[in-house]
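What follows is the residue order along each chain.
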Amino acid sequence: MNGNKRKFDHVAVLMGGDSSECEISMMSGKAVSDGLEEAGYTVSRVVLGNGNSFSIPDGVQAVFVALHGAFGEDGQVQKKLREMGLPYTGSGEKASQIGFDKVLSRREFARAGIRIPKGMHIDQAVADSPMKMRPPVVVKPARQGSSVGISVVHDESEFAKALSNAREFCPDVVVEQYIPGREWSVPILLKEVLPPVEITPKTGLYDWKAKYFSGGTTSYTFPEDNHQADLRIISEVSETAMRAFNAIGARSVARVDFRIDPSGTPYVLEINTIPGCTKTSILPKSAAKRGIPFSRLCAAIMEDAECG
């Protein structure tokens, strides 16, 4: 971002894998590879094989992790790359693990005094569980990304099905009080908070399909364009996003998701330590709003790669 000489010339982009988000990872990986090549890097595209196996070509100096979901965001690939002695993009092992696990991240947010929805953890040892919170509630896998396996329960009779749906992706489940209102997401790049983005899915729930295959049915707007109306909320969510980023020990880049209730009070839902880089992804939209083109965004993340 500052125009200085690059640290790396030949880089690899990791994509694919065995997670439920393989398809999205491939989309992000292709876009990032194209962006890095446009920025002048020599790029090796590395698609993970069965069992998330991969090998890094000779001459690669650093790795851009474009893996979403398990193995990519949970600290496992970060550990492997550290052991290989290769600098990689994004957060380290511990922060990745915490950010990916909603039980752990909620705990860290609470310790930092960050406002989160009231919630509970249903352990995998509990075969079934009565609904102990008044609906509406959100039921989601404890370790999963991109709104995979998420349900909004409006009636107690829906709870068992929602619990079963979440457990298809993770045995541990988080149940949170549903926060009515607006959905905002706040990207962070190199310790700089980028413009918040408001997400309005026309289907009502910003799930996996709405994020990546909306076909134009999800709208993305910038609250800062509302002039005075959202200035206070923008200031609060920007400050809170950075606190959430620091609370889990994240580095380089992340995206913090919020719900804003009708009174204008923000609640942190989760943090994503490897934000998507597809055509519909929030990070590139927000960076472009700040005047950062996609190729420069990719280069900025790439140059911040560290080992460990």
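Scroll up a little and you will see the structure.
Scope of this entry: the structure provided in the associated data block. (Residues numbered from 1 in each chain as written. Predicted model: local features only at pLDDT ≥ 70, side-chain atom pairs only at ≥ 80, totals over all residues. Heavy atoms only, no water.)

1. What to know about the overall build of the protein
Part 1 of the reasoning: When its secondary structure is counted, the protein shows 9 helices and 13 strands.
Part 2 of the reasoning: Taken against the 2.2 N^0.38 rule, which gives 19 Å for 308 residues, the C-alpha radius of gyration of the protein at 19 Å falls within 12% of a compact globule.
Part 3 of the reasoning: At a minimum sequence separation of 6, the contacts of the protein that also span at least 24 residues come to 68%.
Part 4 of the reasoning: With 36 positive and 37 negative side-chain charges, the protein shows a separation of 2 Å between the mean positions of the two kinds. (Helix = DSSP H or I, 4+ residues; strand = E, 2+ residues; numbered from the N terminus. Rg over C-alpha atoms; globule rule 2.2 N^0.38 Å. Contact = heavy atoms within 4.5 Å. Lys, Arg positive; Asp, Glu negative; His and termini not counted. Charge placed at Lys NZ, Arg CZ, Asp CG, Glu CD.)

2. Considering empty space enclosed by the protein
Part 1 of the reasoning: Counted by the stated rule, this structure contains 4 cavities of 30 Å³ or more.
Part 2 of the reasoning: Taken as a whole, the largest cavity encloses approximately 110 Å³ of empty space.
Part 3 of the reasoning: As for the largest cavity, its lining consists of 16 residues, of which Phe 64, Val 65, Val 253, Ile 274 and Pro 275 are closest to the centre.
Part 4 of the reasoning: Elements with a contribution of two residues or more to the lining of the largest cavity: helix H1 (22–38) and strand E3 (62–65). (1 Å grid on protein atoms, 1.4 Å probe; cavity = no way out; pocket = protein on both sides within 12 Å on 5 of 7 lines; lining within 4 Å. Points joined across faces, edges and corners; volume = space filled by probe spheres on them.)

3. Topic: the nonpolar core
Part 1 of the reasoning: Formed by 24 residues in total, the largest nonpolar core has its most connected members in Val 11, Val 13, Leu 36, Tyr 41, Phe 64 and Met 302.
Part 2 of the reasoning: Contributing elements (two or more residues each) for this core: strand E1 (10–16), H1, E3, helix H8 (282–289) and helix H9 (294–303).
Part 3 of the reasoning: Filtering out sequence-adjacent residues up to four positions away, Val 11 remains in contact with Leu 36, Tyr 41, Thr 42, Val 43, Ser 44, Val 60, Ala 62 and Met 302.
Part 4 of the reasoning: Counting 23 residues, the second-largest nonpolar core is a separate cluster that includes Ile 234, Phe 245, Ile 248 and Ile 271. (Core = buried A, V, L, I, M, F, W, Y, C linked by side-chain atoms within 4.5 Å. Buried < 20%, exposed > 50% of the residue type's maximum accessible area, 1.4 Å probe, protein only.)

4. Structural notes on the side chain of Arg 106
Part 1 of the reasoning: Following the sequence through the fold, Arg 106 ends up in helix H4 (residues 102–111).
Part 2 of the reasoning: Looking at Arg 106, the relative accessible area reads 14%, which means it is buried.
Part 3 of the reasoning: Those residues in contact with Arg 106 that lie beyond four places of it in its chain are Ile 116, Pro 117, Lys 118, Gly 119, Val 174 and Glu 176.

5. A look at the packing of helix H3 (residues 93–100) against H4
Part 1 of the reasoning: Running from N to C, H3 and H4 point in directions that differ by 100°, and their axes come no closer than 5 Å. On the basis of their axis angle, the class for H3 and H4 is roughly perpendicular. Residues Gln 97, Ile 98, Gly 99 and Phe 100 of H3 form the contact with H4, whose participating residues are Lys 102, Leu 104, Ser 105 and Glu 108.
Part 2 of the reasoning: Residue composition of the contact of H3 with H4, grouped by class: 3 nonpolar, 3 polar and 2 charged. (Axes fitted to C-alpha atoms, helices over the stretch in contact; angles between N-to-C directions. Parallel < 35°, antiparallel > 145°, perpendicular 65-115°, else oblique. Nonpolar A, V, L, I, M, F, W, Y, C, P; charged D, E, K, R; others polar.)

6. Side note on H1
Part 1 of the reasoning: Between its first and last C-alpha, H1 extends 24 Å over 17 residues, near the 24 Å set by a 1.5 Å rise per residue.
Part 2 of the reasoning: For H1, the set of buried residues is Ile 24, Ser 25, Ser 28, Gly 29, Val 32, Ser 33, Gly 35 and Leu 36. Here the buried residues of H1 occupy an arc of 165° about the axis, which is enough to place them on one side.
Part 3 of the reasoning: With its phi angle positive at about 105°, Gly 40 sits one or two positions after the end of H1. (Expected span 1.5 Å × (residues − 1). Arc of directions from axis to C-beta.)

7. Description of H9
Part 1 of the reasoning: Burial within H9 is extensive, with 8 of its 10 residues counted as buried.
Part 2 of the reasoning: All of the buried residues along H9 are Ser 295, Leu 297, Cys 298, Ala 299, Ala 300, Ile 301, Met 302 and Glu 303.
Part 3 of the reasoning: The secondary structure elements touched by the buried residues of H9 are E1, H1, E3, strand E8 (182–189), strand E12 (253–260) and H8.

8. Examining the sheet that holds strand E2 (residues 42–48)
Part 1 of the reasoning: The 3 strands lie next to each other as E2-E1-E3, forming an open sheet whose pairing is parallel. The two strands at the open ends of the sheet, each matched to only one other strand, are E2 and E3. Mean inter-strand twist for the sheet, computed between neighbouring axes without regard to direction, equals 30°.
Part 2 of the reasoning: Relative to E3, E1 runs parallel, the two sharing 4 bridges. Considered in E3, the bridge of Val 11 is made with Ala 62.
Part 3 of the reasoning: Seen against the sheet, H9 touches E1 and E3 and runs at an angle of roughly 125° to E3. (Pairing = 2+ DSSP bridges.)

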